[in-house]
Amino acid sequence: MTAIDKKSVIQELERIAVYLEIKGENAFRVSAYRKAAQALEQDERSLAELEDPSVLNGVGKGTAGIIDDLVKTGSTELLDQLKAEIPEGLIPLLKLPGLGGKKIGKLYQELNITSAADLKKACEEKQVRDLSGFGAKTEEKIYQELEDMGKRPERLPVSAVLPAVADLNSALDAIEEVDRFELAGSFRRGRETVKDLDYIISTEYPGEVGERLLSMEKVSAVISSGKTKISLELQYDDVIVPVDFRMVQDESFATILHHFTGSKDHNVLMRQRAKNNGEKISEYGVEIEATGEMLHFASEAEFFSHFDLPWIPPEVRNGTTELEEAETYVDLVSINDIQADLHMHTTWSDGAQSIEEMVEACRNRGYSFMAITDHGKFLKVANGLSDERLQRQHEEIRQLRTAYDDFDVFTGIEMDILPDGTLDYADDVLKNIDFVIASIHSSFNQDENTIMARLETACNHPQVAMIAHPTGRLIEKRPGYRVDVDRLIQKAYETGTILEINANPNRLDLSAAWAEKAQAAGVKIAVNTDAHRYEMLDHMELGVKTARRAKLKKENVVNTWTAAQLKAWLTSTDE
DNA sequence: GCCGTTTTCGGCCCGACTGTTTTCAGTCG
């Protein structure tokens, strides 16, 4: 038996890095521990399977020894020393913007500050401003940050920044001096939470563009404002959205887009590759070190091509294996492959539009088929369909679809799996429905076995085509019910049940990590919006980003298929 | 602390902005 689990080992390595940072240690030594923690995290193997950690890139003899200590005893000498030397209360101070290890070290050594409370007092007594490297302005800023500490979340769910994205896109569209712009950063990479929004802007007139940005309506604070870089905070009700803008000349657009798309670790990989070629990547281009010549690129594709790589999708730029795997991303699912949305609601239950309105909206998006899947009778709060209303609705759908020869509308239902594990409709009702979704909306607090029994009952039913939002989580709001996802994936594979990536930005459920595992196990995935009104159909893009993060191939995403292919597959998996 | 097809030392991705300085360190992404 080991003294601690893998997650704890990773945390302890990160803790060592933080302590060393405050101690003012060499920055490369600090980042070495961070890198080791990351290498451990990204390796699939358990501690037991990973006999010698130093085989990992970034873990050398020293850190391997520390890992070994942690595994065997739960502690290690270095960490014990650091704990004795540095007060634990200093660690949260690293989170304050503008305070890094060096400055915290100074506060500790010269003012004997050991906690947030000490620091606040020192600011009030105006002691901080007298330290070299600090000043009155810094002191005031620190004081304000301490006041605000803990008031705002570190990362925002994508759903929280969508209004800001919409506003910023139209604001930038309206600025004449902007030649083109793009939203980069973790939003472009399709992460489910973001720290800020990173906009890159091509312009010949950064001064004018900057002025316009600073005068935008929702600006609540200016964090920094230079010649080519501006950082703002926008306020939307109680949500504060930090935004960075970087302005460049158009010739540098591709390289700055790449740079600010990140991830940081991906950039490190690319820069290392460039260095091996005697070249240097910056935001502005690629410099040939021997001659000093600066190369520019018309597109990201050209930029990658310069390094003998195909264009690497932003969603997989994790700084892990994407350079080696670059050739395998050609058949990644993309938004243009999507033929259908298979989960949505209408006025028949809790949606805002009629069947016909939703059908028209989907046709206009260029889809070739869709499914109407209102809530079942169990969900009374959502005006779920009784047996009788269900029949009538499906009759209406069958009538409607005769009007189209180029578009198919599946009859469907989002049927609850009841708390007692039974299904909401009888077999003879289900057998006439084209696309039956099963999902859990109740009794989230049941134990794992009960939840799994519910999900397995649904998978086992020949008429159930798909499990919607399989874990029930809401990002940053609730964890979901107690589902053993590995077991669900296995069951879905055995029964030919599709698992959903629900594209709603509050859900993104399955997550990318689980969807990747599902694909590896041979499970088919559907990316659906679960739209309750027109605009929510737009969420497809976020769902597809999640699918791409999961490295899903087009062939494994059923709503890239034709209606006929999906129908044939559904029939073949009935048992 | 890690690493090596310039390999056991000397680098480690690169640049903008701020606040403090008066040429730059620290922080950040």
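Bear in mind the structure is a predicted one, so any value in this text is a computation, not a measurement.

Student: With reference to specific residues and values, describe the overall build of chain A.
Tutor: Scanning chain A from terminus to terminus reveals 21 helices and 17 strands. When burial is assessed residue by residue, chain A has 51% of its 575 residues classed as buried. If you take every contact in chain A between residues at least 6 apart in sequence, the share linking residues at least 24 apart comes to 67%. Carbon and sulfur atoms make up 47% of the accessible area of chain A, which totals about 26,600 Å². Separation between the mean location of the 67 positive side-chain charges and that of the 100 negative ones in chain A comes to 4 Å.

Student: Provide a residue-level description of the domain arrangement of chain A, including the pertinent values.
Tutor: The domain architecture assigned to chain A consists of domain 1 (6–148), domain 2 (156–248), domain 3 (253–331) and domain 4 (335–572). Centre-to-centre separation of domain 3 and domain 4, based on C-alpha positions: 38 Å. Opposite the 10 residues of domain 3 that make contact, domain 4 presents 7 residues. Taking both partners together, domain 3 and domain 4 bury about 690 Å²; carbon and sulfur atoms supply 39% of that area. Interface area lost by domain 3 to domain 4 is led by Glu315, Val316 and Asp331, which between them contribute 69%. Along the contact surface separating domain 3 from domain 4 lie 3 salt bridges. Aspartate 331 is the partner of lysine 553 in a salt bridge, and the nearest nitrogen-oxygen pair spans 3.3 Å. One can count 4 residue pairs in polar contact (both at pLDDT 80 or more) joining domain 3 with domain 4. Taken together, the residues of the side of domain 3 that touches domain 4 sort by class into 4 nonpolar, 3 polar and 3 charged.

Student: Residue-level account of the sheet that holds strand β9 (residues 285–288), with values.
Tutor: As a general point, the strands of a sheet are linked pairwise by backbone hydrogen bonds and lie either parallel or antiparallel. Strands sit in the order β8-β9-β10 across an open sheet of 3 strands; the sheet is antiparallel. On the outer flanks of this sheet lie β8 (279–282) and β10 (294–295), each paired with one strand and no other. Two elements, β8 and β9, share 4 bridges in a ladder whose sense is antiparallel. Within β9, the residue paired with isoleucine 281 across the bridge is valine 286.

Student: Go over unusual backbone geometry with me, naming the residues and quoting the values.
Tutor: Here glycine 262 and serine 263 are connected by a cis peptide whose omega angle stands at -5 degrees. At the junction of aspartate 509 and leucine 510, the peptide bond is cis and its omega measures out at 5 degrees in the coordinates. Of note, leucine 510 is situated in the loop between β16 (498–502) and α19 (512–520). Of note, the phi angle at lysine 126 is positive, near 55 degrees, even though the residue is not glycine. By secondary structure assignment, the location of lysine 126 is in the loop between α6 (116–124) and α7 (136–148). The phi angle at aspartate 237 is positive, at roughly 50 degrees, despite the residue not being glycine. With respect to the helices and strands, aspartate 237 occurs in the loop between β6 (229–236) and β7 (239–248). With a relative accessible area of 72%, aspartate 237 lands in the exposed category.

Student: Run through the nonpolar core, naming residues and quoting values.
Tutor: Ranked by size, the top nonpolar core spans 61 residues in total, and within it Met370, Met415, Leu455 and Leu499 carry the most contacts. When residues no more than four places from it in sequence are discounted, the contact partners of leucine 499 are Met466, Ile467, Pro470, Leu488, Ile489, Ala492, Leu510, Ala518, Val523, Lys524, Ile525 and Ala526. Ile22, Leu56, Leu93 and Leu99 belong to the second largest nonpolar core, which has 44 residues in total.

Student: Please set out the packing of aromatic side chains residue by residue, giving values where relevant.
Tutor: For the structure shown, the criterion picks out 9 aromatic pairs. On the numbers, 5.9 Å between centres and 20 degrees between planes, the contact of tyrosine 199 with phenylalanine 245 is stacked. In this pair, tyrosine 199 is assigned in strand β4 (residues 197–203) and phenylalanine 245 in strand β7, connecting sequence segments 46 residues apart. One exposure class covers both tyrosine 199 and phenylalanine 245, and it is buried. Seen from their ring centres, phenylalanine 369 and phenylalanine 410 are 5.2 Å apart, and the 35 degrees between their planes marks the pair as tilted. Here phenylalanine 369, found in strand β12 (residues 369–372), pairs with phenylalanine 410, found in strand β13 (residues 408–416); they are 41 residues apart in sequence, far enough to count as distant. Judged by relative accessible area, phenylalanine 410 falls into the buried class, the value being 0%. Aromatic ring contacts, followed pair by pair, group Phe297, Phe303, Phe304 and Phe307 into a single cluster. Of note, lysine 103 hangs over the ring of phenylalanine 134, and the distance from its end group to the ring centre comes to 5.5 Å.

Student: Can you explain helix α18 (residues 485–495)? Please cite residues and give values.
Tutor: Turning to α18, its buried residues are Val485, Leu488, Ile489, Lys491, Ala492 and Thr495. Mapping the buried residues of α18 onto a view down its axis gives an arc of 165 degrees, with all of them on the same face. Looking at the buried side of α18, the elements it contacts are α17 (448–460), β16 and α19. Positive backbone phi, approximately 65 degrees, marks glycine 496, located one or two places after α18.

Student: How would you sum up the protein's contact with DNA strand B? Please name residues and give values.
Tutor: Residues in contact with DNA strand B amount to 44 residues; listed here are only the nearest, Gly58, Gly100, Gly135, Ser225 and Arg271. Here DNA strand B approaches the protein such that, of its atoms within 4 Å, sugar and phosphate make up 80%. Within the backbone of serine 225, a nitrogen or oxygen atom sits 2.6 Å from a phosphate oxygen of DNA strand B. In terms of residues, the surface near DNA strand B owes the most to one element, helix α12 (residues 264–276), which gives 5 residues. Among the residues forming the surface near DNA strand B, the class breakdown is 13 nonpolar, 17 polar and 14 charged.

Student: How would you explain the pairing of β7 if you had to name every residue and give the values?
Tutor: Relative to β7, β4 runs parallel, the two being bridged by 6 bridges. Note on β7: the bridge partner recorded for leucine 197 is valine 243. Where β6 lies against β7, 8 bridges are found, and the strand directions are antiparallel. Opposite leucine 232, over in β7, you have valine 243 as the bridge partner. The turn joining β6 and β7, which pair antiparallel and follow one another in sequence, is formed by 2 residues; a positive phi near 50 degrees is taken by aspartate 237.

Conventions we followed
- Residues numbered from 1 in each chain as written.
- Chains lettered and ligands numbered in written order.
- Predicted model: local features only at pLDDT ≥ 70, side-chain atom pairs only at ≥ 80, totals over all residues.
- Heavy atoms only, no water.
- Helix = DSSP H or I, 4+ residues; strand = E, 2+ residues; numbered from the N terminus.
- Buried < 20%, exposed > 50% of the residue type's maximum accessible area, 1.4 Å probe, protein only.
- Contact = heavy atoms within 4.5 Å.
- Areas by Shrake-Rupley, 256 points an atom, 1.4 Å probe, with all protein chains shown as cover.
- Lys, Arg positive; Asp, Glu negative; His and termini not counted.
- Charge placed at Lys NZ, Arg CZ, Asp CG, Glu CD.
- Domains from an automatic or database assignment.
- Buried area = accessible area lost by both parts, 1.4 Å probe.
- Salt bridge = Lys/Arg side-chain N within 4 Å of Asp/Glu carboxyl O.
- Polar contact = N/O pair within 3.5 Å; in protein donor to acceptor, adjacent residues only side chain to side chain.
- Nonpolar A, V, L, I, M, F, W, Y, C, P; charged D, E, K, R; others polar.
- Pairing = 2+ DSSP bridges.
- Core = buried A, V, L, I, M, F, W, Y, C linked by side-chain atoms within 4.5 Å.
- Phe/Tyr/Trp six-rings, centres within 6.5 Å; stacked < 30°, edge-to-face > 60°.
- Lys NZ or Arg CZ within 6 Å of the ring centre and 35° of its normal.
- Arc of directions from axis to C-beta.
- Near = heavy atom within 4 Å.

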